[in-house]
Each structure stands twice: as structure tokens, then as C-alpha cells.
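# Observations on the model geometry
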Amino acid sequence: MSAEDSGVVKIALVSCGSEYAGVQPEFDEAAAKVNAKFVFPEIDVASIDTIGREFGLEVASGDLRLMMARAKAVVEGTTNVDGVFITTCFRCAEGAIVRNEVRRYIHRHSNIPVISYSFTESTTAGTLLTRLEALTTIVRRRHLLTREVQKGLTAGIDSGSTTTKAVVMKDNKIIGKGWVPTTKVLESAEEAYSQALEEAGVSREEVQALGTTGYGRFLIGNHFKAQLIQEEITVNSKGAVYLADRQRGPATVIDIGGMDNKAISVEDGIPGMFTMGGICAGASGRFFEMISKRLGVDITELGALAVKGMHENVSMNSYCIVFGIQSLVNSLARGATPEDVAAAACYSVVEQIYEQQLQEVDVREPLILVGGSSLIEGVPKALGRLLKIDVLVPENSHLIGAVGAALLASGYVEE
Amino acid sequence: MAKVFIYPINSLILADLVERFGHKPLTMMSQIREKVTNISLDSPPINITSEDPKLGLKYAAIEVPAGVRGRMALIGPLIEETEAAIIVENPPTNFGCVGCNRTNELMKYLIRSKNVPILEVKYPESDEEARDFVNKIAEFLSSLPKEKSEEEEKAEEEKPEEKEDKK
């Protein structure tokens, strides 16, 4: 029975023994919230002794070899699943190698969506929820994600951790925008939505469908009685390829948000692999805010400053928001220019995205950079230089979530 | 009777051999059984909670992966009880699955540091090696003290309570 028939999404758990870290109940809780369940692909026990040679990656841990055997069972269809969740211990080097190669192997040999994650004993259901929600959405709502044109009069609200954005769209055009800092989730959403409606010159009653996304999506979605309440990974990747006019074929979307980053590998507007940054604010909009404050400039001026500077002139030996700022302050004290400091801040953010996230998704051109931080000119410049490719920043790239939500919500407009 | 730690920690063949010679095998199965059958609010598969990796801190530092510390929360107490050990190197999976190699390295190190009688043998590759393998294990198990005096048994029984008192 398919996922759409039964409603339950079957996710293969390919792990090195996550149950021993005490996180299994958290995994199960997150899965239950999105009506999914974990299954353990069946394998022949003897294959654990031979899979390493067969796979070409010979590792010492039996459970890591079990992961490879389970991945093979998924690819060969011995176990029928809708998605795969690959997970190993955070801090285990051997686990990290296997996790990455198993992910690539499944990606190469099947169309099954995969997410990978390294767990600690502190991993919570809340941390996993957005990822599993995205995974199950890709399985359940493929038809919705293939929508390429916005129809009717729809709106989208993106309740982010730092800013709340809203758009009103009509017949495939943005006719109203709203943007406010997030203070109280509901009040900020009300304000942003009102701004967008006013600019569009329409009333709430006229809006045919509304979609919400972002951290506050459930709260505001219920408040506004939204037709679509959707996590930001699928919404933003759809919004990105829509705004960049690259809806067909492969693309990589990097979304630098206020609190976390997302790197998403997209094919025909549908996310395949994705990673989501954790709790570290060292590679996000928050870091830029603090740097701007320290340099005494508005965040909108930081980009122009950065493109004039040379990041090589400032030594940064940490990506941590605390130590990173300490490095920059020390550099300023030694006479570094604000331009160089701004450039180093941009470089530091993209370097961390490269090291922590792009290693988990395969970068395929075009690379579309979205999120508020994409408006800081130094960021696409630094990313392009690091990856040696052209970075595409579409117009309205900061409104990506709201646009994606309005686009997908139009699937609910009765024609 | 000696408490004999075995590696692979879940090998049924080794556990059986130890029992046949009148000793008590220290196995992962017994630890997991306790976890599964203990009445708890937490749910299966093996009722390990995020508290277990914290208990594992006794054996491995915070930098060590959570799965290793979670496993050590089960295996560590067995190592503490250990009076003798049999370590089989390079066993195939069906002789006893050796899950996480980082844990295996640590537990073997802790056993070797304990200053108890240890037999280290290679997994046999031929019939002749297999006979030699079983003979070595039999000889080792026969060399361990069979019965303890009543006083020793009594002292052993009191040990857990003493530990409780100390807490």
C-alpha cells in the first residue's frame, strides 16, 4: 500500500545503533507527529561480513556494516520504503564516513528521498520534526510540489526566527509585500500580512488561499486558518527555483536564515537531499547582525562594505559566534579596516556552510542563494569564490518562504 | 564459580561454554533483558534513555560519541564485576555481533587493564584450529576457581548493598 493510500509514511532507519544513545523515543515521537513510522530494513546477517568489500568501504564496526547492508536492501527493494533516515553518532569519524557514503549510494541508485543526521544524546523530537516533516511532504505531496505557476489570489506568511515576511500574489505576480522583525509571533505576522494586503489593495476575505511556513508556522497557521502549513525546506526550495526561474532540472538551494541554514539539493523543484544547520548561530543572519552592530553600520550597509574588503587580511580561527566576534574585535584593535572585517565575516559564514552542510549535499548548478543574508552582497561573492561557481540570487530572495507558501497554497484554490 | 566477561559480548557460543564449565557468563543479553523487562515509562526497543549516556560518562568522556557512552552504561557495570575474561579476535558476525568498534576498543582496553585472568584467542579458520580453540577455552575455564567459600559468597552478596549505602 502506498504512503498516499495508507497515510503512514514508511521511513527506513539506517543507523549504527541510535537506540544505544537513548534517542530512539525522540525519533519515534517526531515520526508519529508527521504520521510516519520507522522500519528496519531486513538483511541476511551473513552479509554484514561481506558487505564492506562489496560496498568498497571496509570499516571495523559491525553496525556500520549493517548500515551498508540495510542501504542495499532499500536500493534493491527488499524492503519497500518511502524515505530513508540515515543517522550515526555525532563525533564518530568512522560513522561520518559511512553516513556520507551510504547517503550518496542511495541517491545514486534510487529516487527515494533521504535525510541524514548525526545524533547526540540531547537530540530532541523538536529538532527532528522539521526534517521529518520535509521528508514526508516530499513523499506525500509530490503533486503539490510540482506546481510551477501561482494561480488566483493567494498569500504566504513566513514566520522566521528573526523576521516575518508576507506576500500577496495574483496570477503569478507578487502584488504586495510585508516585512517586519519578529517580536511576538502572532503580532508580527498580523503586521506583515496587513502590510502586504495594503500594498496589494485587497482584503483578507478576498484571499482565496493562505500558506504559512517558518518557525511560527503552526501558531500563525491556526490563527489565520491557513490552507497550507508547511515546513520551510520544501517551501523554500520551491520558492527558490520559482523565483530564479529554474523549475526544471537540478539546482542547489542555500538558505541562510536568522537562526539556521539549509542546503537543499533540488530536482524539478522537489528536494532530494537536504541538511539543516543546528543551533549554532555562527553561520547565520544573527552573526551578521552582531558584526554590523560592532562595526557601527546598519545591516543593509554590511554587504557594500564587505565587497570592498579582503577577508585574507583578518585572521579568524573560529566560527563560533562568541570567538568569531572576539577575533574580529582583535583584528580591529590591530588596525584592520571595517571593510576587511566585513569581508571576513561573510567569508566565515560561507566557509562554515561549506564545511558543515555542503559536504552532505551534492552541489549541482545553478546554486541559488536565498534568505535575508543573501542580500548582503559580500555573501554571494564569498560563496562564489569558495565554490568556484556563479551564485544566483533571485529578486525578492529574502521573501522566499512567503512566496513559496503563496505558490503552493494556490494548489488549494478551486478552479 | 567465576564471573567471566566474554567478547563478543553477545556470543551465545561463548556464553554456553562458560556455563558448561560452571561459571557465570557476563553478557549483553542479560543487561538488555533487564532494560526491556524493567517497568518503565519509556518505550522499547531497549528502554535506553538519554540518561544512559550520562551514566556512561563514568567510562568515557563527553567527547566520546553518545552511542559509545550509552553502550558503556550497559557494559561498564559488567566489566566491574569481571573476574576473568575471554576475548575472541576477528569473530564473524554470526559468532556474536560486534556492533560499535569504538565501544569494542574501549571495553577490551578496560578488561585488559583489570588485572584478571584473560584468554585471548583468534577465531578459528579450520577444523584443526576450531578444536584448538575449544580446547584452549576449556583449559582456561577449568583453571578458574569453581566454587567459592561460603564467606566469599556472602561477602559478594553484600557488595551491592554497600554500594547503595555509599551513594
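Described below are features of the structure shown in this document. (Residues numbered from 1 in each chain as written. Chains lettered and ligands numbered in written order. Predicted model: local features only at pLDDT ≥ 70, side-chain atom pairs only at ≥ 80, totals over all residues. Heavy atoms only, no water.)

On to the sheet that holds strand β2 (residues 36–39) of chain A, then. Paired through backbone hydrogen bonds, the strands of a sheet run either parallel or antiparallel to each other. Residues and elements named next belong to chain A. Strand order across the open sheet formed by 9 strands is β2-β1-β3-β4-β12-β11-β10-β13-β14, with mixed pairing between neighbours. If you trace the sheet from one side to the other, it starts and ends with β2 and β14 (391–392), each paired once. With 4 bridges connecting them, strand β10 (residues 250–256) and strand β13 (residues 367–370) associate as parallel partners. Bridge assignment links V253 to a residue of β13, and that residue is I368. Relative to the sheet, helix α2 (residues 24–33) contacts β1 (9–15), β2, β3 (83–89) and β4 (114–119), its axis offset from that of β2 by approximately 140°. Running over the sheet, helix α15 (residues 378–387) touches β10, β13 and β14 and is turned about 150° from β13. (Pairing = 2+ DSSP bridges. Helix = DSSP H or I, 4+ residues; strand = E, 2+ residues; numbered from the N terminus. Contact = heavy atoms within 4.5 Å. Axes fitted to C-alpha atoms, helices over the stretch in contact; angles between N-to-C directions.)

Residue and element names in this part refer to chain A. Ordered by their spatial adjacency, 5 strands build an open sheet running β7-β6-β5-β8-β9, and the pairing between neighbours is mixed. Looking along the sheet, the strands with just one partner apiece sit at the ends: β7 (173–181) and β9 (228–229). As judged from the 8 bridges shared by strand β6 (residues 163–170) and β7, these two strands associate in the antiparallel manner. In the strand pairing of β7, V167 is matched with K177. Where helix α16 (residues 400–409) meets the sheet, it contacts β5 (153–159), β6, β7, β8 (209–214) and β9, and its direction lies at approximately 140° from that of β5.

Residues and elements named next belong to chain A. With their axes 8 Å apart at the nearest point, helix α6 (residues 125–140) and helix α10 (residues 232–243) run at an angle of 60° to one another. Comparing their axes, α10 and α6 come out oblique. Here α6 contributes T130, A134, T137 and I138 to the contact with α10, which in turn contributes E232, I233 and T234. (Parallel < 35°, antiparallel > 145°, perpendicular 65-115°, else oblique.)

Right, let's talk about the side chain of S11(B) for a bit. Tracing the backbone through its elements, the reader meets S11(B) in the loop between β1 (3–7) and α1 (12–20). Contact partners of S11(B), with chain neighbours within four places excluded, come to I6(B), M29(B), F95(B) and G96(B).

Oppositely charged side chains can pair when the atoms bearing their charge come close. Residues and elements named next belong to chain A. In this structure the tally under the stated criterion is 27 salt bridges over all chains. Salt-bridge contacts for E133 lead to R217; the nearest nitrogen and oxygen are separated by 2.6 Å. Separated by 84 residues along the polypeptide, E133 in helix α6 and R217 in helix α9 (residues 217–223) bring together distant segments of the chain. Summarising the burial analysis for this pair, E133 and R217 share the class buried. Residue E312 is joined to R385 by a salt bridge in which the shortest nitrogen-to-oxygen separation is 3.7 Å. (Salt bridge = Lys/Arg side-chain N within 4 Å of Asp/Glu carboxyl O. Buried < 20%, exposed > 50% of the residue type's maximum accessible area, 1.4 Å probe, protein only.)

Our next topic: α1(B). All names here are of chain B. Residues of α1 that are buried include every one of L14, A15, L17 and V18, and no others. For α1, the arc enclosing every buried residue in end-on projection is 160°, short of the 170-degree limit, so these residues lie on one face. Summarising the geometry of α1, the exposed residues directed more than 90 degrees from the buried face are L12, E19 and R20. Each element contacted by the buried residues of α1 is listed here: β1, β2 (24–26), β3 (84–89) and α6 (127–143). Trailing α1 by a residue or two, G22 shows a phi angle of about 80°, which is positive. (Arc of directions from axis to C-beta.)

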